[in-house]
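Each chain is listed here by its residues.
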Amino acid sequence: MRITKMHGIGNDYIYVNCFEETVADPSRAARELSDRHFWIGSDGLVLIKPSNEADFEMEMYNSDGSRAEMCGNAIRCVGKYVYDNAMTDKTSITIMTGAGIKTLSLCVENGAVASVRVDMGEPELDSRLIPTLFETGQVVNEPLEVGGINYLVTCVSMGNPHAVVFVKDTDEVDIERIGPLFERHKMFPKRINTEFLQILSADKIKMRVWERGAGETWACGTGACAALVASVLCGAAARKAELILRGGSLLIEWDEKTNRVFMTGGAKKVFDTDIDYE
């Protein structure tokens, strides 16, 4: 099977072109191939497939084999993959995801995609639809006890659910301990991605992310979008800011007129290879 390893600022996935390949059990493949000790190693598996409703479809799985609706870093890599491999010559494309159709604008330099701007859609703020079990209409700075500590959380869905927490110093967060407790907290019926934010200025935010089904990742596109939305709702940031993650930075903008969130960032191919896998 032909696979490609790609990453968006350190959020790495294994990509399979399902125009040419077939993955019989993608959940099992995601678990096995993502193992960083015995196989290739990644945050998950992304299948690039034909779509009747968009230019392409992105079907993705976390490293634990669970299905994921959407990933902002992965979708940028899909945009780069299909253009650089001559599967399209368009610089504006649509991709069907588990969170609906997303529109990508490809920035091409010297015949290859250098960066991608993604229309991530409107943030979902209704606590029931995120989903959470909070009884408030929106979850903005709501108290939540996790692991014996009281946090103030702001919840946003960008196609997948996020809980955002503000901290003094992201480097001091014991994310390996607290991340799983947030992820499987009883208030989040479909589990939750958690972002820990340190506000540096109105237009610069440092963050770490614990992704459900994957653990701490070097970046999370939907998480960066949710982080900016939460920061605006809490009066901590402007509507356009640089989100600094472990693997690099993303430019996020929450447009006031359209209520849509836009994400701009890079995508990089690591390697192509053929593997003996069934």
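Residues numbered from 1 in each chain as written. Predicted model: local features only at pLDDT ≥ 70, side-chain atom pairs only at ≥ 80, totals over all residues. Heavy atoms only, no water.

(A) Structural view of the pairing of strand 12 (residues 193–201). Bridge analysis of strand 11 (residues 161–166) against strand 12 gives five bridges, and the strand direction is parallel. Its bridge partner being in strand 12, Val164 is matched across the sheet by Glu195. Considered for its hand, the β-α-β crossover made up of strand 11, helix 3 (residues 175–183) and strand 12 is right-handed. Direction of pairing for strand 12 relative to strand 13 (residues 204–211): antiparallel, over a ladder of seven bridges. (Pairing = 2+ DSSP bridges. Helix = DSSP H or I, 4+ residues; strand = E, 2+ residues; numbered from the N terminus. Right-handed = clockwise from strand over helix to strand, strands pointing away.)

(B) Local environment of unusual backbone geometry. Cis geometry marks the peptide bond from Ile130 to Pro131, where omega comes out at 0 degrees. Of note, Pro131 is situated in the loop between strand 8 (112–121) and strand 9 (142–146). The phi dihedral of Arg191 falls on the positive side, at around 65 degrees, and the residue is not glycine. Among the structural elements, Arg191 can be located in the loop between helix 3 and strand 12. Look at Arg191 and you get buried, because its relative accessible area is 18%. We note that Asn259 has phi near 65 degrees; this positive angle belongs to a residue other than glycine. Relative to the elements of secondary structure, Asn259 occurs in the loop between strand 16 (248–254) and strand 17 (261–266). (Buried < 20%, exposed > 50% of the residue type's maximum accessible area, 1.4 Å probe, protein only.)

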